[in-house]
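Geometric and topological summary
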There are 2 protein chains.
Amino acid sequence: MASIKDVAAEAGVSVATVSRVLNDHPSVSADARTRVLAAVESLGYRPNAVARSLRTDQTHTLGLVISDVMNPYFTELARSVEEEARALGYSVIIGNADERPDLQDHHVRNLLDRRIDGLLVSPTDGGSPLMLDAARAGTPMVFVDRWIPGVGVPVVRSDGRAAVRDLVAHLYGLGHRRVAIIAGPAATTTGRERVEAFREALQEYGLGLPDAYIGQGDFQAESGRRVTEGFLDLAEPPEVVFAADNLMALGALDAVRARGLRVPDDIALAAFDDIPWFVHTDPPITAIAQPTGELGRAAVRALADRIEGRPGESVTLPARLVVRRSCGEPYPASPEPDSAQAPAVQPPAENRSHR
Amino acid sequence: MASIKDVAAEAGVSVATVSRVLNDHPSVSADARTRVLAAVESLGYRPNAVARSLRTDQTHTLGLVISDVMNPYFTELARSVEEEARALGYSVIIGNADERPDLQDHHVRNLLDRRIDGLLVSPTDGGSPLMLDAARAGTPMVFVDRWIPGVGVPVVRSDGRAAVRDLVAHLYGLGHRRVAIIAGPAATTTGRERVEAFREALQEYGLGLPDAYIGQGDFQAESGRRVTEGFLDLAEPPEVVFAADNLMALGALDAVRARGLRVPDDIALAAFDDIPWFVHTDPPITAIAQPTGELGRAAVRALADRIEGRPGESVTLPARLVVRRSCGEPYPASPEPDSAQAPAVQPPAENRSHR
DNA sequence: CCCGTCGATGTAATCGATTCCACGAGCGCT
DNA sequence: AGCGCTCGTGGAATCGATTACATCGACGGG
């Protein structure tokens, strides 16, 4: 592979001049420029990004460590991250942690060794020493979706509280009273938050969330199946199962179906994280949709800000409820089954939260 | 960030010794080794992969350019590729071409500039000059799933012919005679091959594939919708629509449903590329499943072979039919609705292919 | 006409590793 | 005792770029 020296020789100039042409530095004669360009062309020369990075201490590369590539939510995130990064002149290297802290560390270490300019992470756990060190050491970093509290790292995420409240209103309005949740890992912020938001919203409606109705999942389909089976085995099974992510919802659907039961007639189902496939499942699944694309773009912008020396702020965007049919027919003969809707039912007045 | 010099200073040895310790070269005294290791530890030193790559001319990195990250088939492929690569000591950088040749070139160029050790590609088109040049220039390369003929590059793919024949047998057995296909882009091998395989299999059963029943798609959901609408507008619409990939099948499902028609009662649907979600759609979709994980692993092994100077062979694995309910109830009261089944119906004898 | 300035260019240092080569110490063998 | 090995080590070249600094010629103003 041709190097800058070969180009210099071919064009009859020094490597400095070649470099200047390539980085369009102003003081190069038109003559030299054309000769260099011709040499570049004829040799098919391409600058070696490795050498360039070594010298400039910049890789123009962002690392993105996500918890699970097979989860459509994260692939959409990855896609929007790459798009925005490309628009800003960065490449992205994706690391898939598969919800495993050790794999997450592997990728973080790998990315750090490659001297990426900045790191975007959706942490699988409460924070490995490695990541905390990196943050402290000043690696430009931004958390996306999930985060680790107490580190001075901006967080780009969506707030599901309002949407969860809407969901509970929806469930309440349909007459459901015994509701259960398949929680995510307690080590993740999203795992804890979603349970909290759900519990609070239920409280407004005078409903409780007994321990027996809180199943511990790990954001993977299999755990959704297992937890749901547990629910169905209860003396008094819940009327609704709310899965804290889309894959667990799928597992839940499997479990329900394996018993010969039907959604929503025998048990209702809702999920956090909407995905295109939910429109096509049987029945279409009511879900809380995050503005995934926006999150990815905002995260990249925040990271680019940090890298380029600007502040780089946290961003929180609202999620919204998308009502479909998995909790029961929402409203008689709804003409548009796949759109966000405001809850039609108010909580009992005495429980209504002030303001 | 600490460099090898800092470590050398801290340990009171030369950089050469530090390097030897790090690459566990035999001739280092036990004493020096422990001092170096202590220095590494106390400084939190990590070798700079950029510098190392420049010197050794190896990045231990594979590039993977896929046509569409949002397609579950490719994300599964990406996942298995990364896993196998990791097991073999390589990292993977994924580039998403989004079925756009220009984006594909962007990523290939980017990866080449980064001096990746080898390239795994599932080409979106017939082959850009860029990629052909790279292949000719001797970049270790392997095609996965799709390929470009005439370049001396190994191909790892699955052969759908037998499975397509099984599908046609299945359709024929259910009484379907007017069958249509939503084809992929003619520029891709898979786009062309699947149509060919389908046509040949139909022929064995004495069925034709008229032009009106061949719709031109682009492997994206939207095109599936559009083509299906065209089919439904025909004076004599087909009884079956076979989509050449999963996303187009989804689009087709949308289109059918938008007309108030039902699958499989009004029109049957089948797809190439099975994905977990097909179990959960309404109805579950009959599909041809590729051994995706195996393909990814085999591709990485072939590429590693090439990189490390071994031959690196092409691999072709069989796909298989997974019968579900989208083409009609397959067999009365099938106890196991989600498994591969041999076709129960033979073609009319006079058309049966010899051997 | 001379000198300062500016534009174009080349020389060489540098980034952080790896690795060839030389050197000195220690040891065994004759 | 002297020769030749091996072993451990350091010095320095090298990979392919960028860039500070030096140089040189041309040009314009006083």
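Residues numbered from 1 in each chain as written. Chains lettered and ligands numbered in written order. Predicted model: local features only at pLDDT ≥ 70, side-chain atom pairs only at ≥ 80, totals over all residues. Heavy atoms only, no water.

Right, let's get into the relation of the copies chain A and chain B. Here the second copy of the chain follows from the first by a rotation about an axis and a shift along it. Superposing chain A onto chain B takes a rotation of 180° combined with a translation of 0.0 Å along the rotation axis, leaving an RMSD of 0.1 Å. Within this description, the copies of the chain are treated as partners about a two-fold rotation axis. The position closest to the rotation axis in chain A is occupied by the C-alpha of T281 of chain A, lying 1.9 Å away. A symmetric contact is evident, with 100% of the interface residues of chain A recurring at the interface of chain B. (Least-squares fit on C-alpha atoms with pLDDT ≥ 70 in both. Contact = heavy atoms within 4.5 Å.)

Our focus in this paragraph is the nonpolar core. Nonpolar side chains in soluble globular proteins tend to end up buried together. Among the nonpolar cores identified, the biggest contains 108 residues, and F198 and I288 of chain A together with F198 and I288 of chain B are the most heavily contacted of them. Discounting chain neighbours no more than four positions away, the residues touching F198 of chain A are V164, V168, V179, A180, I181, L209 and F242 of chain A. Counting residues in hydrophobic clusters, the runner-up holds 40 residues, among them A97, L119 and M131 of chain A together with M131 of chain B. (Core = buried A, V, L, I, M, F, W, Y, C linked by side-chain atoms within 4.5 Å. Buried < 20%, exposed > 50% of the residue type's maximum accessible area, 1.4 Å probe, protein only.)

Around DNA strand D sit 26 residues, and of these I4, S19, N48 and R55 of chain A together with T17 of chain B come closest. Between DNA strand D and the protein, one listed contact pairs a base oxygen with a side-chain N or O atom of R55 of chain A at 2.2 Å. Here a phosphate oxygen of DNA strand D and a side-chain polar atom of T17 of chain B are 2.6 Å apart. Breaking the surface near DNA strand D down by element, the ones donating at least two residues are α1 (4-11), α2 (15-22) and α4 (49-56) of chain A together with α2 (15-22) and α4 (49-56) of chain B. (Near = heavy atom within 4 Å. Polar contact = N/O pair within 3.5 Å; in protein donor to acceptor, adjacent residues only side chain to side chain. Helix = DSSP H or I, 4+ residues; strand = E, 2+ residues; numbered from the N terminus.)

Here we take up the pattern of salt bridges. Counted by the stated rule, this structure contains 51 salt bridges over all chains. Note that E84 of chain B and R301 of chain B form a salt bridge whose closest N and O atoms lie 3.5 Å from each other. Of the two residues, E84 of chain B sits in helix α5 (residues 72-87) while R301 of chain B sits in helix α12 (residues 292-307), which places them 217 residues apart along the sequence. Take E84 of chain B: its relative accessible area is 13%, and that puts it in the buried class. Using a relative accessible area of 36% as the deciding quantity, one classes R301 of chain B as partly exposed. Beyond isolated ion pairs, a larger network of salt bridges with shared partners links E99, D145, R146, R194 and D273 of chain A. (Salt bridge = Lys/Arg side-chain N within 4 Å of Asp/Glu carboxyl O.)

An α-helical segment advances 3.6 residues per turn. Residues three or four places apart therefore align on the same side. By the N-cap criterion, in which a side-chain oxygen at the helix start approaches the backbone nitrogen of a residue two or three places on, α4 of chain B is capped by N48 of chain B, the distance to V50 of chain B being 2.8 Å. A positive phi of about 60° marks D57 of chain B, the residue just after α4 of chain B.

This part takes up the domain arrangement of chain A. Residue and element names in this part refer to chain A. Segmenting chain A into domains produces domain 1 (4-47), domain 2 (57-157 + 293-317) and domain 3 (161-289 + 325-351). Taken residue by residue, the interface counts 14 residues in domain 2 and 14 residues in domain 3. Between domain 2 and domain 3 the total buried area reaches about 1,100 Å² when both faces are included, carbon and sulfur atoms providing 50% of it. The largest per-residue losses of area from domain 2 upon contact with domain 3 belong to P72, R146 and W147, which jointly make up 34% of the total buried on that side. The interface formed by domain 2 and domain 3 holds two salt bridges in total. Summed over the shared surface of domain 2 and domain 3, the number is four residue pairs in polar contact (both at pLDDT 80 or more). The residue makeup of the side of domain 2 that touches domain 3, split by class, is four nonpolar, three polar and seven charged. (Domains from an automatic or database assignment. Buried area = accessible area lost by both parts, 1.4 Å probe. Nonpolar A, V, L, I, M, F, W, Y, C, P; charged D, E, K, R; others polar.)

Before going further, it helps to examine the sheet that holds strand β6 (residues 179-183) of chain A. All names here are of chain A. Strands sit in the order β7-β6-β8-β9-β10-β12 across an open sheet of six strands; the sheet is mixed. Of all strands in the sheet, those with a lone pairing partner are β7 (214-216) and β12 (320-322), marking the two edges. Pairs of neighbouring strands in the sheet enclose a mean axial angle of 20°, with direction left out of account. In this sheet, β12 lies alongside strand β10 (residues 286-289) in antiparallel orientation, the contact comprising three bridges. Counted as the bridge partner of I288 is L321 from β12. Its contacts with the sheet put helix α9 (residues 189-204) on β6, β7, β8 (240-243) and β9 (268-272), and the angle it makes with β6 is roughly 165°. Sheet strands in contact with helix α11 (residues 246-258) are β6, β8 and β9, and its direction is about 160° off that of β9. (Pairing = 2+ DSSP bridges. Axes fitted to C-alpha atoms, helices over the stretch in contact; angles between N-to-C directions.)

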